[in-house]
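Chains, contacts and geometry: an overview
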Amino acid sequence: MFQKILIANRGEIAVRVICACKDLGIKTVAVYSEADRHSLHVRFADEAICIGPAKSARSYLDIPSVISAAEITNVDAIHPGYGFLSENADFAEVCETSEIKFIGPKPEITRSMGLKQHARAAMAKCGVPILPGSEGILKSPEEGLEVAERIGYPVMLKASAGGGGRGMRVVREASELPTLLNQAQYEAQVSFTCPDVYMEKLIEAPRHIEFQVLADEHGTVEILGERECSIQRRHQKLLEEAPSPAVSPELRTQMMDRLREAMRQIGYTNAGTIEFLMDEAGKLYFIEVNARIQVEHPITESITGTDLVKSQILIAAGYKLPEIISQPIVFQGHAIECRINAENPDTFAPSPGRITGLNLPGDIGIRVDTAVYTDYVIPPYYDSLVAKLIAHGRDRTEAIVRMRRALEMFVVEGIYTTIPLHQKVMSDPDFIAGKVDTTFLNRYAKR
Amino acid sequence: MFQKILIANRGEIAVRVICACKDLGIKTVAVYSEADRHSLHVRFADEAICIGPAKSARSYLDIPSVISAAEITNVDAIHPGYGFLSENADFAEVCETSEIKFIGPKPEITRSMGLKQHARAAMAKCGVPILPGSEGILKSPEEGLEVAERIGYPVMLKASAGGGGRGMRVVREASELPTLLNQAQYEAQVSFTCPDVYMEKLIEAPRHIEFQVLADEHGTVEILGERECSIQRRHQKLLEEAPSPAVSPELRTQMMDRLREAMRQIGYTNAGTIEFLMDEAGKLYFIEVNARIQVEHPITESITGTDLVKSQILIAAGYKLPEIISQPIVFQGHAIECRINAENPDTFAPSPGRITGLNLPGDIGIRVDTAVYTDYVIPPYYDSLVAKLIAHGRDRTEAIVRMRRALEMFVVEGIYTTIPLHQKVMSDPDFIAGKVDTTFLNRYAKR
Amino acid sequence: MSNDEIRDLIQLVMDSGIAELELQRGENRVRIRRSMATTQEITVPAGLSVPAVTSLSDAFVQNSPVPAASSGPAAPAGNEVIVKSPIVGTFYEAGKPGDPPFVKMGDQVEPGQVLCIIESMKLMNEIESEVAGTIVGKLMENGRPVEYGEALFAIRPR
Amino acid sequence: MSNDEIRDLIQLVMDSGIAELELQRGENRVRIRRSMATTQEITVPAGLSVPAVTSLSDAFVQNSPVPAASSGPAAPAGNEVIVKSPIVGTFYEAGKPGDPPFVKMGDQVEPGQVLCIIESMKLMNEIESEVAGTIVGKLMENGRPVEYGEALFAIRPR
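Let me begin by describing the structure that accompanies this report. Computed from a predicted model, the values in this text were never measured in an experiment.

**What about the overall build of chain A?**
For chain A, the helix and strand inventory stands at 16 helices and 20 strands. By the compact-globule yardstick of 22 Å for 447 residues, chain A fits well, its C-alpha radius of gyration being 22 Å. By its C-alpha atoms, chain A is 60 × 55 × 45 Å across when sized along the principal axes. Across the 447 residues that make up chain A, the buried fraction comes to 64%. If you take every contact in chain A between residues at least 6 apart in sequence, the share linking residues at least 24 apart comes to 65%. Split by element, the accessible area of chain A, about 15300 Å² in all, is 51% carbon and sulfur. Averaged over its 49 positive side-chain charges, chain A has a centre that lies 2 Å from the centre of its 59 negative ones.

Next comes the structure, spelled out in structure tokens:
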């Protein structure tokens, strides 16, 4: 078992990992930028090392600094959290060569999953439904037109190495395809130094649904059900729930069986998330794998009673899945997560600054993951997540009323937060009816 | 269903009841003394009425003030919380005559349960094991000596109307009995204006174990398992857990069946707690009924998934138990509650004052019930409970490690708290082995 | 208050190890804190949304049904005596509906003279003046519910 | 209140090490509050148990492996230049074990002159002086791990 783990992250996820380590009796090392001197992950870790200035490129994203910190503190393993270096295969490799265990999938898996077109092919091979589209990379506009004809407009052009919307184009008719393909390839070249672009059918207003996987290093894989993450703004998830109101028990079982097998064939290890789009007919199409712990993992923890971060560490330490979780997975009740961000709830403009007054809601059915406290100053350099508010209830209705109550009693003074927006969502008839898709938030963002 | 409820209490339990009301969509009225102007129960209630000065005799215990507040705000019901007026049968009667529903047992039940000797007889009649002792009130020293001979020394003299140690005497040999009986009767007369004293066998170093009851107003009763409350100081519980390490599944089932029947025969309604002593042989003896919600109710909520306060309100509103809770009761995992008091952890001297810095622990498996915030001033007039910290895990071990972690991350600056004492308990070999009794804390109090 | 005096006070705070010193000398007021804990008057970015501008410790202001009107005059400049409600109940300015009020503005009142009635639990409680003087403020509307300690009348003593 | 008076008060706050000063002089009111980073003081009743005496905002002080020694000289009175570690790693004062240190107290150094080595990821990084001057402080022990920004040397420029 590990003696000491370095957490290569900040904010609530760093604290989350520290909690899991404390529960396992493992010592922790926090790393921090000069802007995070007074953060809770620094306060609650056994040791803390300053690794650079505020700019994350020179601190949290700087591989030599992180590895050096790991070396001078003699840790056995590094937990990358999410974001930053969590899906950086090179970092995982450097860890390996430095004989530090990287808590996550093997570099080659992370790398191939990072290439959308690879992942797509791999999943298709395992019989996981993917969006109709090009076999592989588009070699010419002609091939593009041909594929588009076959799968029908509108279609989406995507950079194979892509992410975050860059190198993406929606094509609604044949005439515009050649130009847009050109643009996409150029953008892909510039952004990812790789011009490869492929084509997928475009689903308008889909649901975003993802499945949680845990896989040990001895070939055992488990799927811990799904999460509904359709409530997004500009591809940023704002509110998630588990289970999804749109997934029937039959579909769930069928998907879990298929994905368990697929991830086993791919040789996936540790925790990960398999993301899907669902069309109006309720059919799921694979889009990508996130080879890390997800921001919204607590809702799965709530309904399965499984500590996912603890599981990641135990898997990396070589434990077998049956020693870590109780199978078969039993789902209990319903959970919702609201991301409380330091943002103007109407304009979504970031709102960093000092928290002058704070009341964290507690009481029955409520969990809060956060790294803030009264008088803490939210720095402008990083993401705007202030806290994750998780409500768990016997059913979706109970989860919703508990979330409403917790939002009312969540007081943050001195900065703007998304609390008012979440309150609108919690009393929106469509949300209450479970009728959501990725366009849901437009109704509020417009105002 | 009720439209508006007045909460005749303060602090965390007032906030707890407000939460249950919010979850049920019921409006709330807080009452407060001049010392509690800035309390969270005042902040989070829909209305708030100042009912008197700091001294509780003239505010929280002043029946006319509370009833008047209820009348000018037109509430349908009053929730008394625990302490204060919660077990005051007269108050419950005044509520009835004022046509305000009192959320608790009927006055006559509360009254008869308040007379220890009545309760004892009633339970005995229903086949619940009671401590060997006098049939009823001791009429003479001679009778006392005779009973003591029969049940064997040491014995305990108790005031029938008693509570809180007053009118109690331990008798270790016959010679001292007449004098001590005299003292007990005198003290009982002074304290409770009733000299009645009865005798019970004294159990040295017992465990304190209590069972949770919910009973609707249509004759249906359910027992939600037990709580282990042996870790006390001067009859003040400091740490509770559920289930009790000393209660086998067989004993639990047997007791639940017997108590379900007993409470039905007594005609008990709403929530209550049946307290027992357990001797070294593991035999349980009834001591008293607490006709109200208990401070430590959250640990039962954690392992049963039942909201007890919400259940109290629904029962008072006339709902049937099967509509409120899912039967049979299923127990999930293990829960521990630590009472974080504003006290010197060594001397137990109260430590009121301003909280200058605060970090409430959160994360997986942790629940906090509190009414404090950074810069809140804990007034010297009331009890010293700052927060209830509840840890829930798949088993006792997981609950303990999570509690340890939460205690480490629970920061309260500016006052003393019992956190350090709880940390000692959490790493005490006897506690870890589940070997506890009411003398457990002496080992630390001595220092 | 000179800077030297303030310097001394600060020294006093640092030496004594107390948390906070607040001192009023006539017009002058000084407050010295050693901790960074938030203060009652909290700083908020201009034009912040409502939930954010009320401080946690302002609960009373936010939720009490007392109208601003009554809290305003409750703290008068001069030497008026404020008659506050000793109980929770309903305020009546007259013995029964239709009757003239017990007192009106400018009335001279004597100690023991009835000023109003507070109905509490169906009981009519007569509230009497404790001083001799002139009614200079009626601070409560007829028929309104009153809390403990709410201001009812202002009387300028003779 | 003149700006000079205020300037004096600010100086007073900075020197005294208090967190906050609030002052009212008749019409005038001033509030001086130090940023969290500069505050070490926090309020605690005398002899409070350990977990309570560290302020939430004092995490750095509590957990950093930096010895008090190095933070002291890191803020010198005079015009010394503090050479800080640009990277995380291990500090070596000499090229290899047994060699004499690159520099010792009182040495004259030139811009570009090697002062020490920081080993990071098996690489030996030579840290050079950016100024010409005299070594007036060696602030790090040989072989100790160093964080980003830790003070290594104090140099009085020529």
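Let us keep going from here.
**Some remarks on the overall build of chain C**
Along the backbone of chain C there are four helices and 10 strands. Along chain C, from the amino end to the carboxyl end, the secondary structure elements read α-β-β-α-α-α-β-β-β-β-β-β-β-β. Across chain C, every contact between residues at least 6 apart in sequence was considered, and the portion connecting residues at least 24 apart equals 53%.

**Some thoughts on the environment of B:E71**
Looking at where B:E71 falls in the secondary structure, it is placed in helix α3 (residues 63-72). The residues contacting B:E71, other than those within four sequence positions of it, are B:S98, C:M121 and C:K122. Within the structure, the side chain of B:E71 is placed 3.5 Å from the backbone nitrogen of C:M121, a separation counted as a polar contact. Within the structure, B:E71 has its side chain in polar contact with the side chain of C:K122 (distance 3.1 Å).

**Some thoughts on empty space enclosed by the protein**
Evaluated as defined, the whole model comprises seven cavities of 30 Å³ or more. Looking at the largest cavity, its volume works out to about 400 Å³. Listing elements by their share of the lining of the largest cavity, those giving two or more residues are α1 (11-24), α2 (40-44) and β17 (366-370) of chain A together with α1 (11-24), α2 (40-44), β17 (366-370) and α13 (396-408) of chain B. For the lining of the largest cavity, the residue count by class is 19 nonpolar, six polar and 10 charged.

**Considering the interface of chain A and chain B**
Taken together, the contacts link 37 residues of chain A with 37 residues of chain B. Surface buried jointly by chain A and chain B totals about 3000 Å² across both partners, of which 51% is contributed by carbon and sulfur atoms. In this assembly, chain A and chain B are joined by eight salt bridges. There are 13 residue pairs in polar contact (both at pLDDT 80 or more) connecting chain A and chain B. Elements with a contribution of two residues or more to the side of chain A that touches chain B: α1, α2, β16 (357-359), β17, α13 (396-408) and β20 (411-413) of chain A. Classifying every residue of the side of chain A that touches chain B gives 15 nonpolar, six polar and 16 charged.

**Considering the packing of helix α4 (residues 89-97) of chain A against helix α5 (residues 107-114) of chain A**
Residue and element names in this part refer to chain A. At a closest axis distance of 8 Å, the pairing of α4 and α5 adopts a crossing angle of 175°. In terms of their interaxial angle, α4 and α5 are classed as roughly antiparallel. Every residue of α5 that contacts α4 at A89, D90, A92, E93 and E96 is listed here: P107, T110 and R111. Counted by class, the contact of α4 with α5 contains three nonpolar, one polar and four charged residues.

**Some details on the pairing of strand β1 (residues 20-25) of chain D**
Counting buried positions over the six residues of β1(D) gives five, a clear majority of the element. Summarising the sheet, strand β2 (residues 28-33) of chain C and β1(D) pair through five bridges and their orientation is antiparallel. The residue of β1(D) that forms the bridge with C:R33 is D:E20.

**Some remarks on the sheet that holds strand β19 (residues 385-393) of chain B**
Residues and elements named next belong to chain B. Taken in spatial order, the eight strands make up an open sheet running β13-β12-β9-β10-β11-β14-β19-β17, and their pairing is antiparallel. Either end of the sheet is taken by a strand with one partner, and the two such strands are β13 (284-290) and β17. Within the sheet, the average angular offset between the axes of one strand and its neighbour, ignoring direction, is 25°. The pairing of β17 with β19 spans five bridges and is classified as antiparallel. Paired with R367 across the strands is I390, a residue of β19. Where α1 meets the sheet, it contacts β17 and β19, and its direction lies at approximately 110° from that of β17.

**Comments concerning the side chain of A:R292**
Residue and element names in this part refer to chain A. When you line up the elements, R292 lands in the loop between β13 (284-290) and α10 (297-304). Taking the relative accessible area as the measure of exposure, R292 reaches 18% and is therefore buried. Here the side chain of R292 touches Q294 through a polar contact of 2.4 Å, side chain to side chain.

**What about the state of the cysteines?**
In the structure shown here, the tally under the stated rule is zero disulfides over all chains. Not engaged in a disulfide, the cysteine B:C50 finds its nearest cysteine sulfur in C:C116; these two sulfurs lie 17 Å apart. Looking at B:C50, the relative accessible area reads 0%, which means it is buried.

**Observations regarding the sheet that holds strand β4 (residues 89-92) of chain C**
Residues and elements named next belong to chain C. Pairing is antiparallel across the open sheet formed by four strands, whose spatial order is β7-β6-β4-β9. Strands at the two margins of the open sheet, each flanked by one partner only, are β7 (123-128) and β9 (145-146). Relative to strand β6 (residues 114-120), β4 runs antiparallel, the two being bridged by three bridges. Counted as the bridge partner of T90 is E119 from β6.

**Observations concerning the packing of aromatic side chains**
Taken as a whole and assessed by the stated rule, the structure comprises 18 aromatic pairs over all chains. On the basis of an interplanar angle of 65° and a centroid distance of 5.9 Å, the ring pair of B:Y381 and B:Y382 is categorised as edge-to-face. Take B:Y382: its relative accessible area is 11%, and that puts it in the buried class. Ring geometry for D:F91 versus D:F153: centroids 6.0 Å apart, planes at 50°, classification tilted. Highlighted residues: D:F91 in strand β4 (residues 89-92) and D:F153 in strand β10 (residues 151-157), separated in sequence by 62 residues. Using a relative accessible area of 0% as the deciding quantity, one classes D:F91 as buried. Here the aromatic cluster, defined as three or more aromatic residues joined through ring pairs, consists of A:Y60, A:F84, A:Y381 and A:Y382. The residue whose ring lies beneath A:R252 is A:F331, and the NZ or CZ to ring-centre distance is 5.9 Å.

**Here's the deal with the relation of the copies chain A and chain B**
When chain A is brought onto chain B, the operation consists of a screw motion whose angular component is 180° and whose axial shift is 0.0 Å, with 0.1 Å RMSD remaining. Viewed as a symmetry operation, the transformation between the two copies matches a two-fold axis. The residues that chain A uses at the interface reappear at the interface of chain B in 100% of cases, marking a shared surface.

**So, helix α11 (residues 308-316) of chain B**
Residue and element names in this part refer to chain B. Among the nine residues in α11, nine count as buried, and that is most of the element. Within the sequence span of α11, burial applies to L308, V309, K310, S311, Q312, I313, L314, I315 and A316. With a side-chain oxygen positioned 3.1 Å from the backbone nitrogen of V309, the residue opening α11 is D307. Directly after α11, the chain includes G318, whose backbone phi takes a positive value near 100°.

**Focus: the packing of α1(B) against α11(B)**
Residue and element names in this part refer to chain B. At a minimum axis separation of 9 Å, α1 and α11 run at an interaxial angle of 65°. Remark: the crossing between α1 and α11 carries right-handed chirality. Residues R16, V17, A20, C21, D23 and L24 of α1 form the contact with α11, whose participating residues are L308, V309, K310, I313 and L314. Residue composition of the contact of α1 with α11, by class: eight nonpolar, no polar and three charged.

Parameters at a glance
Residues numbered from 1 in each chain as written. Chains lettered and ligands numbered in written order. Predicted model: local features only at pLDDT ≥ 70, side-chain atom pairs only at ≥ 80, totals over all residues. Heavy atoms only, no water. Helix = DSSP H or I, 4+ residues; strand = E, 2+ residues; numbered from the N terminus. Rg over C-alpha atoms; globule rule 2.2 N^0.38 Å. Buried < 20%, exposed > 50% of the residue type's maximum accessible area, 1.4 Å probe, protein only. Contact = heavy atoms within 4.5 Å. Areas by Shrake-Rupley, 256 points an atom, 1.4 Å probe, with all protein chains shown as cover. Lys, Arg positive; Asp, Glu negative; His and termini not counted. Charge placed at Lys NZ, Arg CZ, Asp CG, Glu CD. Polar contact = N/O pair within 3.5 Å; in protein donor to acceptor, adjacent residues only side chain to side chain. 1 Å grid on protein atoms, 1.4 Å probe; cavity = no way out; pocket = protein on both sides within 12 Å on 5 of 7 lines; lining within 4 Å. Points joined across faces, edges and corners; volume = space filled by probe spheres on them. Nonpolar A, V, L, I, M, F, W, Y, C, P; charged D, E, K, R; others polar. Buried area = accessible area lost by both parts, 1.4 Å probe. Salt bridge = Lys/Arg side-chain N within 4 Å of Asp/Glu carboxyl O. Axes fitted to C-alpha atoms, helices over the stretch in contact; angles between N-to-C directions. Parallel < 35°, antiparallel > 145°, perpendicular 65-115°, else oblique. Pairing = 2+ DSSP bridges. Disulfide = S-S within 2.5 Å. Phe/Tyr/Trp six-rings, centres within 6.5 Å; stacked < 30°, edge-to-face > 60°. Lys NZ or Arg CZ within 6 Å of the ring centre and 35° of its normal. Least-squares fit on C-alpha atoms with pLDDT ≥ 70 in both. Left-handed = near helix turned anticlockwise from the far one by under 90°.

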